[in-house]
Amino acid sequence: EAEAAAQICGEFSQCCCVQTDGPVMTLGGQPLRGVCYGPVPIGSGFHSDEAARNGHFVTLGALDAPWMAKAGVNVIRTYAHISSAAVDVFAAHGIKTMMAVNPTASAAEITRVVNAVKGNDGVLAWSLGNEWNYNGLYRGYSHAQCVAAIASASALIRSLDARPIVTVYGEVPSAATVAALPDVDAWGLNVYRGESLYNIHAQFAQVSGKPMFIGEYGADSWNGNTNQEDHGVQAHAVEKMTQEIVAAGYANCAGGFVFEFADEWWKDGAGSVHEQNSGGNAPGCANYYPDGQCNEEYFGLADAHRNYAGCNEEAYVPAAQCSLKEAYYALRALYLNAP
């Protein structure tokens, strides 16, 4: 694996690996200071329609990207592929895109998606699957079927482009799972264990010496214990877990992606897309901080209104004209000041 990591270092100019106790994948010599991003306007649901999705990335991204950059964000992670024009929106602010590619798509479709954007320097890496051990690649696949699909897709993408290929797992994969996907260069781990990552870096290092990053972490801003929004509790959890990522020293961790930049009002299936609802369902709900509830429409560092006119760039000042939550400023302080 050390030899493979050295090869990755030589191939990717924008993704520099450093060999220490384990290989590290960083962005231009800096850790991945990322946010998960899947913009959906109020009154709409997640769009499988490619044109609509790209439209959301362009229009809402134009509002969000400047504030990402002000917080030191250097990469977004998407949950579906986007156009080169959408990638450009973020690249204009110095933000790369970790591009999702559906590993269950046909070879022709995967080839089309990769070839459409591989000429854009704003694309950092190709990402196959999101916590697929929980959702079966959204096809109800068995674990073995998921591995086979990702292995096939990663081999195809390797033949099309030299960028890193990553996959995102829920919690820590087994050594056998890692070994079954040799074309996967780095592993993302979605981690929801409460207000802490609880030594996840050391746990992965026991499984593999490949680069890893935290694919999702964070907390929502709805406190079910008090039945109201609680920006302070969210900020505390985001700050604590980000501090743990920074303190890991990137010995085998490339950084992480906080979930997520802005609220999405479609995620609680029992509610209306025209109003924000507490509730939802996701793996590991019982561990969610502070209330053991999956309040999926409240995970954003910003609310869904995207009103930034009254926002202070450097400090949290509660204001009716500012959509940024306290957690945004907690993340900003760490992203801008971390080594």
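Owing to the predicted nature of the structure, the values given are computational and were not obtained by experimental measurement.

**Student:** Let's hear about the overall build of the chain: which residues, and what values?
**Tutor:** Assigned secondary structure in the chain consists of 10 helices and 12 strands. Considering the chain as a whole, with its 339 residues, one finds that 54% of them fall into the buried category. Carbon and sulfur atoms make up 51% of the accessible area of the chain, which amounts to about 12,700 Å² in all.

**Student:** I'd like to hear about the nonpolar core, residue by residue, with values.
**Tutor:** Residues Phe 261 and Leu 324 are the most contacted members of the largest nonpolar core, which totals 68 residues. Contact partners of Phe 261, with chain neighbours within four places excluded, come to Val 35, Cys 36, Tyr 37, Asp 64, Trp 67, Met 68, Gly 300, Leu 301, Ala 302, Tyr 308, Leu 324 and Tyr 328. By size, the runner-up hydrophobic cluster in this structure holds 19 residues, among which are Leu 32, Cys 36, Phe 213 and Cys 285.

**Student:** Run through the pattern of salt bridges, naming residues and quoting values.
**Tutor:** Counted according to the given criterion, the structure contains 11 salt bridges. Salt-bridge contacts for Asp 185 lead to Arg 158; the nearest nitrogen and oxygen are separated by 2.9 Å. With Asp 185 in the loop between α7 (175–179) and β8 (186–190) and Arg 158 in helix α6 (residues 143–160), this pair connects stretches of sequence that are 27 residues apart. What makes Arg 158 partly exposed here is its relative accessible area of 27%. Lys 325 is paired through a salt bridge with Asp 263; the nearest N and O atoms lie 3.0 Å apart. Residue Lys 325 is located in the loop between β12 (253–258) and α10 (326–337), and its partner Asp 263 is located in the loop between β12 and α10; the two are separated by 62 residues in the primary sequence. In this pair, the class of Lys 325 matches that of Asp 263, namely buried. A single network of salt bridges, built from pairs that share partners, joins Glu 50, Glu 109 and Arg 112.

**Student:** Tell me what's going on with helix α9 (residues 231–247), and back it up with residues and numbers.
**Tutor:** In a regular helix each residue adds 1.5 Å, so 17 residues correspond to 24 Å; α9 covers 24 Å between its end C-alpha atoms and thus fits that length. Taken together, the buried positions of α9 are Val 233, Gln 234, Ala 235, Ala 237, Val 238, Met 241, Thr 242 and Ile 245.

**Student:** Any details on the pairing of strand β6 (residues 123–130)? Residues and values, ideally.
**Tutor:** Burial of β6 is extensive: eight of the eight residues sit out of reach of the surface. One ladder, built from five bridges, connects strand β5 (residues 96–101) with β6; its direction is parallel. Residue pairing for β6: Met 99 is matched across the bridge by Trp 126. Each parallel crossover has a hand, and the one from β5 via helix α4 (residues 107–117) to β6 is right-handed. Bridging between β6 and strand β7 (residues 165–170) involves four bridges; their strand directions are parallel. Looking across to β7, one finds that Asn 130 is bridged to Val 168.

**Student:** Please give an account of the packing of α4 against α6 that cites residues and values.
**Tutor:** Remark: α4 packs on α6, axes separated minimally by 10 Å, with the N-to-C direction vectors making an angle of 40°. In terms of their interaxial angle, α4 and α6 are classed as oblique. Remark: the crossing between α4 and α6 carries right-handed chirality. Seen from α4, the contacting residues are Ala 107, Ile 110, Thr 111, Val 114 and Asn 115; seen from α6, they are Ala 153, Leu 156, Ile 157 and Leu 160. Class assignment of the residues belonging to the contact of α4 with α6 gives a composition of seven nonpolar, two polar and no charged.

**Student:** Hey, could you go over helix α2 (residues 50–70) for me, with residue numbers and the actual values?
**Tutor:** Because each turn of an α-helix spans 3.6 residues, side chains separated by three or four positions end up pointing in the same direction. Over its 21 residues, α2 extends 29 Å from the first C-alpha to the last, a length consistent with the 30 Å expected when each residue adds 1.5 Å. For α2, the principal kink sits at Gly 61 and spans about 55°. Close packing links the buried residues of α2 with β3 (32–36), β4 (75–77), α3 (84–91) and α10. Where α2 begins, the side chain of Asp 49 points an oxygen toward the backbone nitrogen of Ala 51, at a separation of 3.4 Å.

Cut-offs and rules
Residues numbered from 1 in each chain as written. Predicted model: local features only at pLDDT ≥ 70, side-chain atom pairs only at ≥ 80, totals over all residues. Heavy atoms only, no water. Helix = DSSP H or I, 4+ residues; strand = E, 2+ residues; numbered from the N terminus. Buried < 20%, exposed > 50% of the residue type's maximum accessible area, 1.4 Å probe, protein only. Areas by Shrake-Rupley, 256 points an atom, 1.4 Å probe, with all protein chains shown as cover. Core = buried A, V, L, I, M, F, W, Y, C linked by side-chain atoms within 4.5 Å. Contact = heavy atoms within 4.5 Å. Salt bridge = Lys/Arg side-chain N within 4 Å of Asp/Glu carboxyl O. Expected span 1.5 Å × (residues − 1). Pairing = 2+ DSSP bridges. Right-handed = clockwise from strand over helix to strand, strands pointing away. Axes fitted to C-alpha atoms, helices over the stretch in contact; angles between N-to-C directions. Parallel < 35°, antiparallel > 145°, perpendicular 65-115°, else oblique. Left-handed = near helix turned anticlockwise from the far one by under 90°. Nonpolar A, V, L, I, M, F, W, Y, C, P; charged D, E, K, R; others polar. Bend = angle between axes of the 7 residues up to and from the residue. Polar contact = N/O pair within 3.5 Å; in protein donor to acceptor, adjacent residues only side chain to side chain.

In short, the description is geometric, and any link to function would need to be established separately.
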